[in-house]
Amino acid sequence: MDRHPQSSGKNIHQVSPSTTPAAPLQDKPEALGQFDYVQTKVVPLRAEHLERNRIVSFNKNSNMNGPIDLLRTQVLQAMEENGWRTLAITSPTPEAGKTVLAVNLAMSIAHHTTKTALLADFDLRRPRVGATLGLPMDKALNELLSEKAWLEEVLVNPTLPRFVVLPTREPIPMSTEVLSSPKVSHLITELRDRYDSRICIFDLPPLLSSDDAITVLPKFDCVLLVVANGVNSKKDIEDCLYHLAGANLIGAVLNKADEQPRTYY
């Protein structure tokens, strides 16, 4: 994919260590300057767990990756044309498969492009990214937001080059207030700006289940809507489009649809 710029040369997992430890995330913007990724925890993934959770992009040679890879190309083209770096993924209601799609899309970006991919679990009421990947989460976004851990302590590399995950271990109280806080705004900026080649994907709560997603959407460059066939009604979709009127809707994905067999061409 020649149209994507080469990496800036910064290693996503390790940089020169600072002489002083990084401070926990604060509400003050200047606190962000104290961050330093000394080392990202590397955690091996279990193939059988991924298969059970419909994560097909882990194996870049799988013949099931076609639709995900096509989506990846379309999403990256639109983002590059507009200079966008942060992508929110949401759905009308739960059980639409947005988290599975977010994980597969992030892995596809990391596998097949010169971009680096970061996947953050911002579904604070029902976090599923870490469990879907089978990650240990002794420290996660929960500790970062409560100032009990530093950013480099909660990021995880699931043994894929150019891929980092920020998981959330358990539901976070007052999620709407947390997502609308300056602390989260500063975190999004830090995650986006640390590496020039980085694409940040944020798994958001469903749009129609609470006001969490609506609150945080203005902080992202663009949004992808995941609609489940047989789950979401026409009214669900219309309601979502109403709420997304002020957002850069990059597209919609019809999930859980019955695919007809077809040849390569």
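Remember, predicted model here, so these are calculated numbers, not experimental data.

Conventions used here
Residues numbered from 1 in each chain as written. Predicted model: local features only at pLDDT ≥ 70, side-chain atom pairs only at ≥ 80, totals over all residues. Heavy atoms only, no water. Helix = DSSP H or I, 4+ residues; strand = E, 2+ residues; numbered from the N terminus. Buried < 20%, exposed > 50% of the residue type's maximum accessible area, 1.4 Å probe, protein only. Contact = heavy atoms within 4.5 Å. Areas by Shrake-Rupley, 256 points an atom, 1.4 Å probe, with all protein chains shown as cover. Core = buried A, V, L, I, M, F, W, Y, C linked by side-chain atoms within 4.5 Å. Expected span 1.5 Å × (residues − 1). Pairing = 2+ DSSP bridges. Phe/Tyr/Trp six-rings, centres within 6.5 Å; stacked < 30°, edge-to-face > 60°. Axes fitted to C-alpha atoms, helices over the stretch in contact; angles between N-to-C directions. Parallel < 35°, antiparallel > 145°, perpendicular 65-115°, else oblique. Salt bridge = Lys/Arg side-chain N within 4 Å of Asp/Glu carboxyl O.

**Student:** Sorry, what's going on with the overall build of the protein here?
**Tutor:** When helices and strands are counted, the protein shows ten helices and eight strands. Counting every position in the protein, which comprises 265 residues, the buried fraction comes to 52%. Put simply, 81% of the contacts in the protein that link residues at least 6 apart link residues at least 24 apart. Carbon and sulfur atoms provide 51% of the accessible area of the protein, an area that totals close to 12700 Å².

**Student:** Sorry, what's going on with the side chain of Ser-57 here?
**Tutor:** Mapping Ser-57 onto the fold places it in the loop between α1 (47-52) and α2 (66-82). Sequence-distant contacts of Ser-57, that is, excluding residues within four places in its chain, are made with Asn-65, Ile-68, Asn-104, Met-107, Ser-108 and His-111.

**Student:** Explain the nonpolar core here, please?
**Tutor:** Buried together is how nonpolar side chains tend to be arranged in soluble globular proteins. Of all hydrophobic cores here, the largest spans 37 residues; its most connected members are Leu-87, Ile-89, Leu-133, Phe-163 and Ile-201. Secondary structure elements with two or more residues in this core: α2, β2 (86-90), α3 (98-112), β3 (116-121), α4 (129-133), β5 (163-166), β6 (198-203) and β7 (222-228). No other element matches α3, which puts nine residues into this core. Counting residues in hydrophobic clusters, the runner-up holds 34 residues, among them Ile-172, Val-184, Leu-207 and Val-223.

**Student:** Whenever I open this one, unusual backbone geometry confuses me. Can you help?
**Tutor:** Note: most peptide bonds trans; most residues except glycine with negative phi. In this model, Arg-54 sits at a positive phi of 65°, which is unusual for a non-glycine residue. Given the relative accessible area of 52%, Arg-54 is considered exposed. Residues other than glycine seldom take positive phi values, yet Thr-159 does so here, at roughly 60°. Of note, Thr-159 is situated in the loop between β4 (156-157) and β5.

**Student:** Is there a simple way to explain α3 in this structure?
**Tutor:** Residues three or four positions apart in an α-helix share a direction because the helix packs 3.6 residues into each turn. Taking 1.5 Å per residue as the helical rise, α3 with its 15 residues ought to reach 21 Å, and the 21 Å between its terminal C-alpha atoms agrees with that figure. Among the 15 residues of α3, 13 are classified as buried, and the element is accordingly described as predominantly covered.

**Student:** Explain the pairing of β3 here, please?
**Tutor:** Two faces make up the sheet, and in a regular strand the side chains alternate between them. Taking burial as the measure, the six residues of β3 include six buried ones, the bulk of the element. The alternating pattern of β3 places Thr-116, Leu-118 and Ala-120 and Ala-117, Leu-119 and Asp-121 on opposite faces, both of which are buried. One ladder, built from six bridges, connects β3 with β6; its direction is parallel. Note that in β6 the partner of Leu-118 across the bridge is Cys-200. Note: β3 against β5, four bridges, orientation parallel.

**Student:** I tried to follow the packing of aromatic side chains on my own but got confused; where do I start?
**Tutor:** Taken as a whole, this structure holds three aromatic pairs when the rule is applied. On the basis of an interplanar angle of 65° and a centroid distance of 5.0 Å, the ring pair of Phe-122 and Phe-202 is categorised as edge-to-face. A residue pair is termed long-range when its members are at least 10 positions apart, and Phe-122 in the loop between β3 and α4 and Phe-202 in strand β6 qualify at 80 residues. Take Phe-202: its relative accessible area is 0%, and that puts it in the buried class. Put simply, the rings of Phe-122, Phe-202 and Phe-220 pair up and form one aromatic cluster.

**Student:** What am I meant to see in the packing of α2 against α3 here?
**Tutor:** The description of two helices packed together rests on the angle between their axes and the distance between the axes. Where α2 meets α3, the axes come as close as 9 Å, and the angle between the chain directions of the two elements is 75°. Considering the angle they form, α2 stands roughly perpendicular to α3. Each of Ile-68, Asp-69, Leu-71, Arg-72 and Leu-76 in α2 lies in contact with α3, whose residues at this interface are Leu-101, Asn-104, Leu-105, Ser-108, Ile-109 and His-112.

**Student:** Just checking my understanding: could you explain the environment of Leu-135 for this structure?
**Tutor:** As for its position among the elements, Leu-135 is in the loop between α4 and α5 (141-145). For Leu-135, a relative accessible area of 6% translates into the label buried. Setting aside chain neighbours within four positions, we find Leu-135 in contact with Val-43, Leu-45, Gly-130, Val-156, Pro-158 and Val-165.

**Student:** Is there a simple way to think about the pattern of salt bridges in this case?
**Tutor:** Two side chains with opposite charge may pair up if their charged atoms get near one another. Counted under the stated rule, the structure contains 14 salt bridges. Between Arg-46 and Glu-48 there is a salt bridge, with its nearest N and O atoms 3.9 Å apart. Here Arg-46 falls in the partly exposed class, since its relative accessible area comes to 42%. Among the residues examined, Glu-48 registers a relative accessible area of 46% and is labelled partly exposed. Through salt bridges with shared partners, a single network forms among Lys-98, Asp-123 and Asp-203.

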